[in-house]
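Chains, contacts and geometry: an overview
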Amino acid sequence: MLRLNRVWKTYRVGAFGTRELTAVRDVSLDVAPGEVVSLIGESGSGKTTIGRMVLRLNSVSQGRIEFDGTDVSTLRGRALKSYYRKVQGIFQDPYSSFNPIFKADRVFDMVRRQFFAGTPNATWHGKIEAALADVRLDPAQVLNKYPHQLSGGQLQRMLIARALLLDIKLLIADEIISMLDASTRIDVMNLLADLTSRGVGVLFVTHDLALGNYLSTTTVILRRGVIVEMGATDKVFANPQHPYSTHLLGSVPHLHKKWSQVEAELARHDARLGPCGYHAHMPGRCGMPPHDPDQPMLAEIEPGHVVGCSYDQPLG
Amino acid sequence: MGRYFGRKSIVYALTCIVAVTINWLVPRFMPGDPVLQMLISRGPDTNPEQTAVIMDYYNRLFGFDVPLWQQYLNYWGALFKGDLGVSVWLFPTPVADVVLRALPYTLGLLLPAILLSWFLGNKVGAMAARRKWLDNSVLPVGYVLTATPYMWLAILLAWSLGIVAGIFPTAGGYGFDLQPAVSWEFASSLAMHWFLPFLSLFLVAFGGWAIGMRNLVIYELESDYANYLAALGAPPRLIRRYAFRNAILPQVTGLALQLGVLVGGSILTEVVFAYPGLGNLVFQALLHRDFFLLQGVVLFIVIGVLVANFVIDVVYVLVDPRTRAGMQGVSA
Amino acid sequence: MTDTRPLKPITADARRAEIFRLALGNPKVIAGLVILATLLALGLAAPLLSGHGPSDYVGPRAEPPSADFWFGTTLFGQDVFVQFANGIRSTYVVGLLAGGIGALVGMTVGFVAGYRGGVVDEILSMITNVVLVLPAFAVLIILAAYVGIDSVVHQSVFIGAFSWPWVARAVRAQTFSLRSREFVDLARLTGVRPLTIIRTEIGPNMGSYLLLVFIVLFGGSILTAASLDFLGLGPPGQMSLGLMMNQALQSSALVLGIWWWFLPPGIGIVLIVGALYVTNIGLDDVFNPKLRKM
Amino acid sequence: MSLQVDGLRVRYRTLRGDVHALDGVTFEVADGEIMGLVGESGCGKTTLAKSLIRLDGRMQYVDGVVELDGVKLPIDDQHAMNRFRFTQISFVPQYAMSALNPIRKIGKMIAELLESRGFDYKSIQPELERRLDLVGLPRDVLRRYPIELSGGMKQRTVVVVSTLLDPSLLVADEATSALDVSNQKAVAETLVEFRDRRFVRSVIVVTHDISLGYQIADTIMVMYAGKQAEKAPAEVIVNSPRHPYTQALMSSLPEVGVRYEDRRLAGIPGSPPPLLNPPSGCRFRDRCPLAFDQCAEEPPFVEIATGHSVACWKAA
């Protein structure tokens, strides 16, 4: 459904764009219907930029983003609008996602004005109630209220409901629970997971490995704009190949295991791995990024599990 | 840092070109022959010989007979030679000479007024930020001062301290009966004539700086670094010093932005006190419809302000480490 | 992560009502508005107050204030009060018009530069910076002297044309930060056009700020106009407070002690501009609760 | 014993009345102990942290006693507190990114701070440099401006500065929440190491992340709606929590290894009560699955085992 094919994003900085800053470097990945792909990375990894490029909020510098076979960057006018009917996004800060001076349900009105101008009132209200029911919100509690009267969790659910009003096929969720309280974030997570049973694909952007692990079918680990490892979530988490992946896994605070214990386990795992998983499959062709444009960035080490080269990439 | 100066230099170069171009262009908007019109407007031609000389001079200078682009280039060429034309009112003195003669008076007025008002205004504003009683008096006085037109405060001072109280003279740069000389008498006359125009310029500007600094310091005192220092038990003295240092930076930028206004203020003040500086020249040029003098003075003022602006930008780089560290824009 | 959440739930209707209530309960706002309204009423009533114009020679020369001539007469026997009232009126006209033009240009440039970014921003910012460092008053003198000013409207256009850069800068910065807010992204994802986003999403969030900007421009324009008038560069035949000072000074009113001639115009300007500033601080207190507790 | 807090109450003054942000807390932090202070936003943990070091303008001390090493702290007297700050009790703020004066070189700022407190920078400098080495910062950060440091570096610098005078107690308020996982781990471990080396004798780590608290704290105190819910050694809190809130909080937290498809977690329904007019009785009552009649009465915070205190009728 969604396919990123060797996508780059470079920003021009400095007076008259004299310097270039690469935020995303040669990223390729797919999101299938009903699948949750989590993009995991620390700040500066390019994970948010990828989500924004898919949403057409940022332009693509090089490469293609295709949705159902169409190059997304060519969409204009009506075509773009029908793209947004199918692809929507939710962002990190729920309070900043709502215009603070208007009532929160204005996000629904905007959808109506842009996409359902002809829909009669009664039908529309029915639609809203159905969407709110899907995200387990009581209309009486959230309609006709201002954003600051609602909790972060309620606001994020309203945005999921907003996406449901359109018949979305793909949802970009960018750190959508990182600002929610522990007691409510898991419910929003579960709602996202429920979307997949409707056949919606989710691109789940997060810095939190535990959340990515909980939700996703496919995990993509990004570092400085480059995919270092990608594969089925259970494989990536059970058998991390790239030193950066193990480094991240070793930094996650667990509830029932101390860091020292996790580190020891990972050290044993690392000892079994060679110095560079990519090198083992592509001998003599190491180096980052590949100098040969035809050379793949990632090497497949087991079915559905690929890893990038780990040379020339000191950690920290 | 190179980036910072590169960008600033482009702005100044462009501004300079725009200013000169406006100066060159504007007279050409006037219908008919501006030189002739100006000469006619001076009234009955008492000296046809002089008129002929002037006509000849300007026709040669502007070369109304050559193509426009040539005229434009000629104008720049003359400018680079420091040739601002010839005053009609003070014929045949070159405008550049007239300007240079008046310049010391204006600088003598402006520089102390700007620097002192900036310095004291910032001091008093910072003090007001932490003393309630001072704040309650500085704030209203400051706002009244910034709301006061320069020329009216000048009139008020001239009338009250000059004419009613009779302490200070109210017109001229020095006594009418004196000739410029290196003597006590002349120096004291100079100082007496200088004081009131200086005071009125100083006061209006002072109000603005004091208010600005007060607000900035209050803002800085609530910043995270101030809170952190307070949490570590740093004495208020240190926190206030840091707040002051941080707040002074926008005030430096503010000084650059206010220069044009201050120069405008000095024009008005000089008019009130008939002070023999550039401002009075502007006024005399207007009165005598000597547009060449007017243009020359204004062009001189504009370029002077640009140069001063550039100097302030250099100073800013010296006082703000962030511009020097060259880290701006990396996070963008 | 802070403990401020319990303070949040104030309804926005209540907030708006509260702002209105605070504004009307704020002594600075009230004082400012009362002064402004009184002087405006005086200016509007100017033509009704007496049967003669501001330049008509109607009385004895240089007479101090009296029951017949409340503010006295000029050296030439003109009624200072009538001049003052007319001057007040043109002061308001210039302030509103020039302030309005400056605000309009500044906001347009600021909104477009801040929202579009990129090359558009680069060019607009360059233009803004050029006009910003140009000493506006000096350029205005040249323009006024050569091109001439034939009406208050004309004068306002000139003043407005040079007063906008700082507004553009400030609005650009604010737009820039608002543009990166997620509700703007969400509007884009709903397919709303850029101009509509500026108008319906970004603009309303800056409403109070734009009002404050306009007030400052209003005051600044008045001072500039008075300065031009004072140099004799105002619209001919139009009485203004600046022109009153010009005439008083030219007629040696200081030496002759005709204080009733040159005091009122200055007081008028200080009152109007000062009242604008006071209203501005008051509104700032209302809009910006952080300063409220000071 | 290091810190002893007895019945501390602090409120926020607002236009609409007093918010009882901290409504009577009593606890001890022993010499050498790291206590994790855990709770959701609005539970009073930040208020508690601030009360110990510096009340901000809106906060008002109501009553209670705070003693550090047997000396009563004048926490409601800003001036008298200055004597204890930095030397006896110190603070690592959440806002480390902006905690350093942007226009002062870091070394100079430290020198001025120390000298303003009557210490000699020259004699402390060698120790300062040793500690920078210890946390992996190059010594030349002292000659740099804050803008030249990354977020993680700034956070570590602030930790070093705050502990420079070997305070008895360090309060770290969400010191790691703005950091990426790897930086988070580094800073958290620095706190432990500083305690081990006796640079600080005891530490209060305020965090919304109970798993992070578990990694570094000896004891954990869970707060809810301005009151203490439970306090126990970290292992006990994590493995056998007694307060229903603590239990619910942890069961809603996804860990690496927990997958949505295997085990669906659930959040805590409802939201914390407003503290403007807090309800009587147990404040968790409305959201508690175990609530019964007695909960209308406020449960006391009682010790049910050595070092394990709970405020719940069902737990006693």
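Since the structure is predicted, the reported quantities are computational estimates derived from the model, not experimental observations. (Residues numbered from 1 in each chain as written. Chains lettered and ligands numbered in written order. Predicted model: local features only at pLDDT ≥ 70, side-chain atom pairs only at ≥ 80, totals over all residues. Heavy atoms only, no water.)

Check the secondary structure of chain C and you find 14 helices and zero strands. Helices and strands in chain C line up, N terminus first, as α-α-α-α-α-α-α-α-α-α-α-α-α-α. Across its three principal axes, chain C shows a C-alpha extent of roughly 75 × 45 × 30 Å. Residues counted as buried form 54% of the 294 residues belonging to chain C. Here the contacts in chain C between residues at least 6 apart in sequence split such that 71% fall between residues at least 24 apart. Element-wise, carbon and sulfur atoms account for 66% of the exposed surface of chain C, whose accessible area totals about 11,800 Å². On chain C, the mean spot of the 19 positive side-chain charges and the mean spot of the 16 negative ones are 12 Å from each other. (Helix = DSSP H or I, 4+ residues; strand = E, 2+ residues; numbered from the N terminus. Buried < 20%, exposed > 50% of the residue type's maximum accessible area, 1.4 Å probe, protein only. Contact = heavy atoms within 4.5 Å. Areas by Shrake-Rupley, 256 points an atom, 1.4 Å probe, with all protein chains shown as cover. Lys, Arg positive; Asp, Glu negative; His and termini not counted. Charge placed at Lys NZ, Arg CZ, Asp CG, Glu CD.)

Moving on: unusual backbone geometry. Apart from glycine, the bulk of residues carry a negative phi angle, and the bulk of peptide bonds sit in the trans form. All names here are of chain D. Positive phi values are uncommon outside glycine, yet aspartate 166 reaches one of about 50 degrees. Within the element layout of this structure, aspartate 166 appears in the loop between helix H5 (151–162) and strand S7 (169–173). Backbone geometry at glutamate 174 places phi at a positive 50 degrees, although glycine is not the residue there. Checked against the element boundaries, glutamate 174 lands in the loop between S7 and helix H6 (181–196).

Here the focus is the interface of chain C and chain B. Contacts between the two partners involve 45 residues from chain C, matched on the other side by 48 residues from chain B. Summing both partners gives a buried area of about 4,200 Å² for chain C against chain B, and 83% of it is carried by carbon and sulfur. Three residues stand out in chain C for area buried against chain B, namely Val133(C), Ile142(C) and Tyr146(C), and they jointly supply 17% of the buried area on that side. The tally of links between chain C and chain B comes to zero salt bridges. One can count two residue pairs in polar contact (both at pLDDT 80 or more) joining chain C with chain B. (Buried area = accessible area lost by both parts, 1.4 Å probe. Salt bridge = Lys/Arg side-chain N within 4 Å of Asp/Glu carboxyl O. Polar contact = N/O pair within 3.5 Å; in protein donor to acceptor, adjacent residues only side chain to side chain.)

Counting across every chain of the model gives 39 salt bridges over all chains. Among the ionic pairs, Glu265(A) bridges to Lys257(A), the shortest N-O distance being 3.5 Å. Several salt bridges converge on common partners, so that one network encompasses Arg9(D), Asp23(D), Asp63(D) and Arg283(D).

Another aspect to go through is the side chain of His269(A). Residues and elements named next belong to chain A. Counting through the fold element by element, histidine 269 comes out in helix H11 (residues 259–272). Residue histidine 269 is classed as buried on the basis of its relative accessible area, which comes to 7%. Not counting chain neighbours up to four residues away, the residues in contact with histidine 269 comprise Ala238, Asn239, Pro240 and Thr246.

Residue and element names in this part refer to chain B. Where nonpolar side chains cluster on the molecular surface, the patch consists of Ile303, Val307, Phe310, Val311, Val314, Val315, Leu318 and Val319 and spans about 600 Å² of accessible area. Checked against the element boundaries, valine 314 lands in helix H12 (residues 291–319). The partly exposed category is assigned to valine 314, whose relative accessible area is 30%. (Patch = residues over 30% accessible without salt bridge, like charges linked within 9 Å, V, L, I, M, F, W, Y side chains within 5 Å.)

What follows covers the sheet that holds strand S3 (residues 34–38) of chain D. Residues and elements named next belong to chain D. With mixed pairing, eight strands are arranged side by side in an open sheet as S6-S7-S8-S3-S9-S10-S12-S11. Both outer strands of the open sheet, strand S6 (89–92) and strand S11 (302–305), are each paired with one neighbouring strand and no more. Across the sheet, the mean angle from the axis of one strand to that of its neighbour is 25 degrees, orientation sign disregarded. Strand direction decides the pairing type here: S3 and strand S9 (residues 219–224), joined by four bridges, are parallel. Considered in S9, the bridge of leucine 37 is made with methionine 221. (Pairing = 2+ DSSP bridges. Axes fitted to C-alpha atoms, helices over the stretch in contact; angles between N-to-C directions.)

To continue, consider the sheet that holds strand S8 (residues 201–206) of chain A. All names here are of chain A. Pairing in this open sheet of eight strands is mixed, and the strands run S6-S7-S8-S3-S9-S10-S12-S11 from one edge to the other. Each edge of the sheet is formed by a strand with only one pairing partner; in this case those strands are strand S6 (87–90) and strand S11 (298–302). When the angles between neighbouring strand axes are averaged without regard to direction, this sheet yields 20 degrees. Of the strand pairs in this sheet, strand S10 (residues 226–232) and strand S12 (residues 305–308) are connected by three bridges, and their pairing is antiparallel. Note that in S12 the partner of glutamate 229 across the bridge is valine 307. Along the sheet, helix H2 (residues 77–86) makes contact with S6 and strand S7 (170–174), crossing S6 at roughly 60 degrees. Along the sheet, helix H7 (residues 182–196) makes contact with strand S3 (36–40), S7 and S8, crossing S8 at roughly 150 degrees.

What follows concerns helix H3 (residues 106–115) of chain A. Since the α-helix advances by 3.6 residues per turn, residues separated by three or four positions end up pointing in the same direction. Of all 10 residues that make up H3(A), seven are buried, and the element is covered over most of its length. Taken as a whole, H3(A) has its buried residues at Arg106(A), Val107(A), Phe108(A), Met110(A), Val111(A), Arg112(A) and Phe115(A). Contacts from the buried residues of H3(A) go to H2, helix H4 (121–134) and helix H6 (152–165) of chain A together with helix H8 (182–189) and helix H9 (194–205) of chain C.

Right, let's talk about the pairing of strand S10 (residues 227–233) of chain D for a bit. Residue and element names in this part refer to chain D. Counted residue by residue, S10 has six buried out of seven residues, so it is predominantly covered. As paired strands, S9 and S10 are joined by six bridges and run antiparallel to one another. Across the sheet, tyrosine 224 pairs through a bridge with lysine 227, a residue of S10. Counting the residues that bridge the hairpin from S9 to S10 gives two residues, and of these alanine 225 lies at a positive phi of roughly 50 degrees. Two elements, S10 and strand S12 (residues 308–310), share two bridges in a ladder whose sense is antiparallel.

Position of Ala136(C) relative to the elements: it lies in helix H5 (residues 136–146). For the pair Ala136(C) and Ser163(C), spaced 27 residues apart in sequence, the C-alpha separation works out to 7.6 Å.

This part takes up the packing of aromatic side chains. Taken as a whole and assessed by the stated rule, the structure comprises 26 aromatic pairs over all chains. With centroids separated by 6.4 Å and ring planes inclined at 45 degrees, the aromatic side chains of Phe195(B) and Phe198(B) adopt a geometry described as tilted. Taken together, the positions of Phe195(B) and Phe198(B), both in helix H8 (residues 184–221) and three residues apart, correspond to about one turn of that helix. With 6.1 Å between their ring centres and 90 degrees between their planes, Phe76(C) and Trp261(C) make a pair best called edge-to-face. In this pair, Phe76(C) is assigned in the loop between helix H2 (27–49) and helix H3 (80–116) and Trp261(C) in helix H13 (residues 259–287), connecting sequence segments 185 residues apart. Residue Trp261(C) is classed as buried on the basis of its relative accessible area, which comes to 0%. Among the aromatic residues, those joined into a cluster by ring pairs are Phe168(B), Trp194(B), Phe195(B), Phe198(B), Phe202(B) and Phe206(B). (Phe/Tyr/Trp six-rings, centres within 6.5 Å; stacked < 30°, edge-to-face > 60°.)

Our focus in this paragraph is the environment of Arg162(A). Secondary-structure assignment places Arg162(A) in helix H6. The buried category is assigned to Arg162(A), whose relative accessible area is 1%. In sequence terms Arg162(A) and Leu132(A) are 30 residues apart; their C-alpha atoms lie 8.6 Å from each other. Setting aside residues no more than four positions away along its own chain, Arg162(A) makes contact with Gln88(A), Gly89(A), Val107(A), Phe108(A), Val111(A), Leu186(C), Leu189(C) and Thr190(C).

Take the packing of helix H5 (residues 95–128) of chain B against helix H11 (residues 278–287) of chain B next. Residue and element names in this part refer to chain B. In the contact formed by H5 and H11, the axes pass within 7 Å of each other and the chain directions differ by 135 degrees. The orientation of H5 relative to H11 falls into the category oblique. Residue-level contacts link Val98, Val99, Ala102, Leu103 and Thr106 of H5 to Leu278, Gly279 and Leu281 of H11. By residue class, the composition of the contact of H5 with H11 is six nonpolar, two polar and no charged. (Parallel < 35°, antiparallel > 145°, perpendicular 65-115°, else oblique. Nonpolar A, V, L, I, M, F, W, Y, C, P; charged D, E, K, R; others polar.)

Together, Lys123(B), Arg245(B), Lys105(D), Lys108(D) and Arg143(D) give the surface a local cluster of positive charge. Checked against the element boundaries, Lys105(D) lands in the loop between S6 and helix H3 (106–116). Taking the relative accessible area as the measure of exposure, Lys105(D) reaches 36% and is therefore partly exposed.

Turning our attention to the side chain of Arg85(D). Within the fold, Arg85(D) resides in the loop between helix H2 (78–81) and S6. As a buried residue without a salt bridge, Arg85(D) has its nearest oppositely charged side chain in Asp77(D), at a separation of 7.7 Å. Setting aside anything within four residues of it in sequence, one finds Arg85(D) in contact with Ala230(B), Ala231(B), Leu232(B), Gly233(B), Ile53(D), Arg54(D), Gln78(D) and Arg117(D).

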